[in-house]
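Chains, contacts and geometry: an overview
This is what each chain is made of:
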Amino acid sequence: MAGYTTDRATTVAPGTPLALVRARHTADVQAVMRVASRFRVPVVPRGLGTGLSGGSTAVDGCIVLSTERMRALSIDTAAMVAIAGPGIRNAELKQAAAAEGLWYPPDPSSFEICSIGGNLATNAGGLCCVKYGVTTDYVLGIEVVLADGRAVRLGGRTIKDVAGYDLKRLFVGSEGTLGVITEAVLRLRPLPPPASTVVASFASLVDAGHAVTRIVSAVRPAALELMDRAAIAAVEAVKPMGLDTTAAALLLARTDGGGDEAHRIAEACETSGATYLAATDDRDEGELLMGARRMAIPCVERTGAVLIEDVGVPVPRIPDLLEEVEAVAVEHRISIPVIGHAGDGNFHPLVTFDPDDGDAASRALAAFDAIMDVALALGGTVTGEHGIGVLKARHLVSQLGGDVMDLTRRIKQALDPYDILNPGKWV
Ligand SMILES: Cc1cc2nc3c(=O)[nH]c(=O)nc-3n(C[C@H](O)[C@H](O)[C@H](O)COP(=O)(O)OP(=O)(O)OC[C@H]3O[C@@H](n4cnc5c(N)ncnc54)[C@H](O)[C@@H]3O)c2cc1C
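Note that the coordinates shown come from a computational prediction; the quantities given were computed from them, not determined experimentally.

Thresholds, definitions, all that
Residues numbered from 1 in each chain as written. Predicted model: local features only at pLDDT ≥ 70, side-chain atom pairs only at ≥ 80, totals over all residues. Heavy atoms only, no water. Salt bridge = Lys/Arg side-chain N within 4 Å of Asp/Glu carboxyl O. Helix = DSSP H or I, 4+ residues; strand = E, 2+ residues; numbered from the N terminus. Buried < 20%, exposed > 50% of the residue type's maximum accessible area, 1.4 Å probe, protein only. Pairing = 2+ DSSP bridges. Axes fitted to C-alpha atoms, helices over the stretch in contact; angles between N-to-C directions. Contact = heavy atoms within 4.5 Å. Domains from an automatic or database assignment. Buried area = accessible area lost by both parts, 1.4 Å probe. Nonpolar A, V, L, I, M, F, W, Y, C, P; charged D, E, K, R; others polar. Near = heavy atom within 4 Å. Polar contact = N/O pair within 3.5 Å; in protein donor to acceptor, adjacent residues only side chain to side chain. Areas by Shrake-Rupley, 256 points an atom, 1.4 Å probe, with all protein chains shown as cover. Patch = residues over 30% accessible without salt bridge, like charges linked within 9 Å, V, L, I, M, F, W, Y side chains within 5 Å. Lys, Arg positive; Asp, Glu negative; His and termini not counted. Charge placed at Lys NZ, Arg CZ, Asp CG, Glu CD. Core = buried A, V, L, I, M, F, W, Y, C linked by side-chain atoms within 4.5 Å.

Another point: the pattern of salt bridges. Taken as a whole, this structure holds 19 salt bridges when the rule is applied. Of the charged contacts, one joins Glu-183 and Arg-153 as a salt bridge, the two residues approaching to 3.1 Å between their closest N and O atoms. Of this pair, Glu-183 sits in strand E9 (residues 180-187) while Arg-153 sits in strand E8 (residues 151-155); the two residues are 30 residues apart in sequence, bridging distant segments of the chain. When its relative accessible area of 21% is taken as the criterion, Glu-183 is described as partly exposed. With a relative accessible area of 52%, Arg-153 lands in the exposed category. Measuring nitrogen to oxygen at the nearest pair gives 2.8 Å for the salt bridge that ties Arg-317 to Asp-320. Classification of Arg-317 as partly exposed rests on a relative accessible area of 34%. The partly exposed category is assigned to Asp-320, whose relative accessible area is 27%. Among the charged side chains, a salt-bridge network with shared partners connects Arg-71, Arg-89 and Glu-92.

Turning our eyes to something else, we now look at unusual backbone geometry. Although it is not a glycine, Met-80 adopts a positive phi angle of roughly 55 degrees. For Asp-419, which is not glycine, the phi dihedral falls at a positive 50 degrees. Summarising the element assignment, Asp-419 is placed in the segment after helix H13 (393-415).

Strands in a sheet are paired, the pairing made by backbone hydrogen bonds, and the direction either parallel or antiparallel. Read across the open sheet, the 3 strands follow the order E1-E3-E2; overall the sheet is parallel. Strand pairing shows two members of the sheet lacking a second neighbour, strand E1 (19-22) and strand E2 (43-46), which therefore form its edges. Going from strand to strand, the sheet's axes swing by 20 degrees on average, the running direction of each strand aside. Bridging between E2 and strand E3 (residues 63-66) involves 4 bridges; their strand directions are parallel. Opposite Pro-45, over in E3, you have Leu-65 as the bridge partner. Lying on the sheet, helix H1 (residues 26-39) is in contact with E1, E2 and E3; it crosses E3 at an angle near 160 degrees.

Strand order in the open sheet made by the 7 strands is E14-E11-E13-E12-E16-E17-E15, with antiparallel pairing throughout. Where the open sheet ends on each side, the last strands, each with one partner, are strand E14 (276-280) and strand E15 (305-308). Between one strand axis and the next, the sheet turns by 15 degrees as a mean value, whatever way the strands run. Sheet topology places strand E11 (residues 196-202) next to strand E13 (residues 249-255); 7 bridges connect them, and they run antiparallel. When the sheet's bridge partners are listed, Ser-201 is paired in E13 with Leu-250.

On to the domain arrangement of the protein, then. Domain boundaries assigned for the protein yield domain 1 (2-66), domain 2 (76-190) and domain 3 (196-377). On a C-alpha basis, the centres of domain 2 and domain 3 stand 28 Å from each other. The interface of domain 2 with domain 3 comprises 9 residues on the first partner and 14 residues on the second. Summed over both partners, the interface of domain 2 with domain 3 comes to about 1,000 Å²; 52% of that surface belongs to carbon and sulfur atoms. Area buried by domain 2 at its contact with domain 3 is led by Leu-127, Val-130 and Lys-131, which between them contribute 63% of it. Between the two partners, domain 2 and domain 3, sit 1 salt bridge. A salt bridge links Asp-256 to Lys-131; its shortest N-O distance comes to 2.6 Å. Split by residue class, the side of domain 2 that touches domain 3 holds 6 nonpolar, 2 polar and 1 charged.

On the secondary structure map, Thr-5 appears in the segment before E1. On the basis of relative accessibility, which here comes to 12%, the residue Thr-5 falls in the buried class. In contact with Thr-5, other than residues within four places in its own chain, are Pro-14, Gly-15, Pro-17, Arg-46, Ser-56, Thr-57 and Ala-58.

Taken together, 36 residues are adjacent to the ligand, and Pro-45, Thr-50, Gly-51, Ser-110 and Ser-115 come closest. A distance of 3.4 Å separates an oxygen atom of the ligand from a polar atom in the side chain of Ser-56. Considered on its own, the ligand offers 980 Å² of accessible surface; in the complex 98% of this is hidden by protein. Within the residue set of the shell around the ligand, elements represented by two or more residues are E2, helix H3 (116-122) and E9. With 5 residues, H3 is the largest single contributor of residues to the shell around the ligand. Its residues assigned to classes, the shell around the ligand shows 11 nonpolar, 21 polar and 4 charged. Formed jointly, the shell around the ligand draws a minimum of three residues from each of two domains, domain 1 (2-66) and domain 2 (76-190).

A separate point is the pairing of strand E4 (residues 73-76). Note: E4 against strand E5 (residues 81-84), 4 bridges, orientation antiparallel. The residue of E5 that forms the bridge with Asp-76 is Val-81. Taking the residues that link successive antiparallel strands as the turn, the E4-E5 hairpin has 4 residues, and the phi of Met-80 there is positive, at about 55 degrees.

This part takes up a negative patch on the surface. Together, Asp-281, Asp-282, Asp-284 and Glu-285 make up a region of like negative charge exposed at the surface. A relative accessible area of 56% places Asp-284 in the exposed class.

This paragraph deals with the nonpolar core. Ile-215, Leu-226, Leu-251, Leu-321, Ile-336, Phe-347 and Val-351 are the most contacted members of the largest nonpolar core, which has 53 residues in total. Tallying contributions element by element places helix H12 (residues 360-377) first for this core, with 9 residues. Ignoring sequence-local partners within four residues, the contact set of Val-351 consists of Ala-305, Val-306, Leu-307, Glu-309, Ile-334, Ser-335, Ile-336, Ala-364, Ala-367, Phe-368 and Ile-371. If you look at the next biggest cluster of nonpolar residues, it comprises 26 residues, including Ala-97, Cys-128, Tyr-138 and Leu-186.

Below is the structure:
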């Protein structure tokens, strides 16, 4: 069971599970939930364990219920939908759709290693979400097994459907606390047009933040990503590709809107003080640059233990957030490389520390808390896409407030009266 007790939030200590079940069919999941419900055994649903918040971390005495083997997949080209088991990897779904000339847009940086079940349970975002939306925007229907073992279908295959409460959206992003997702009906789009990529360097993070606000008010980029100097250095150390290691920040923008969008993005960067600008229409070159951004988290993880933030702020507050994160790093004497889906206002300050270095761990934790406080003070959120899990549990109440937490707990109580689904996390 050892390989199934943690996710990628390496600072979260796992409990000891009672058993691991690798379900193949909905009936297997139902059987587990019936037994668990009868004997009040905690169940931790699990996809491929790439979560960054401790959501699929085992708790003591639980059944780890892995849906990685639930791998049915079919594409209905006429209806432009995919019917996917939760164990299908995001990249596999993209490939299968592309073979039919279709596209499944949600693209977490982990798309090659994470599962559709995990994507739905965390309402995963990604790079192209700034233009094409997040996971929930593609979910037409789900099959979900409830805490008592009943399997229900929510939503369906139609594009419009307002019959009853939109319960499927309640389960999307519920992080395994309300039910186990056993199938998803997902909307597909035609393949996107060819894209251009613009790269810009900046002498300060705040300048890059201003460029982001200017870009999104001028055009609708298909991706708008940021890496700061420390993140660039971490990637270059692992895979040298000639990124500008002297820049304080790098913006990577993708546009598939044609016309003069690439030019307008470059203009917005120039006005904001870009020190270097380049653009390419070459697909492979564009992919290489976006690939560098996707590699950033694992590359920074090689430099120390990392507490991964996932804060989001309204776009006009991005420069303030970036400035405050720099101040937090100085105040707590800790390295905080910053990457992010800048166009969404969603940033991942990576609070990095050496766990064997005296009080570094407690300084890191203080910095981690401070950044979430900053995001909330700026009218933002403590998590834009990674979910609450364990890492951000104590900050959820600060964001939602007592009344909304009470409502949240009443929903949980109604659907999971014995509190057996992913208990002890955030609800
Ligand atoms: C390098 C790297 C980059 C990343 N980049 C992004 C990014 O750009 N955007 C983004 O959104 N995320 C990103 N992530 C985080 C992670 O990949 C996503 O949260 C992903 O959706 C998790 O999928 P998983 O299959 O690994 O799920 P897991 O980690 O196994 O589980 C995640 C949560 O979902 C629940 N769960 C899993 N399967 C089910 C199911 N079938 N039914 C009910 N609940 C279930 C679990 O209980 C847990 O709470 C990144 C991770 C890494 C390591």
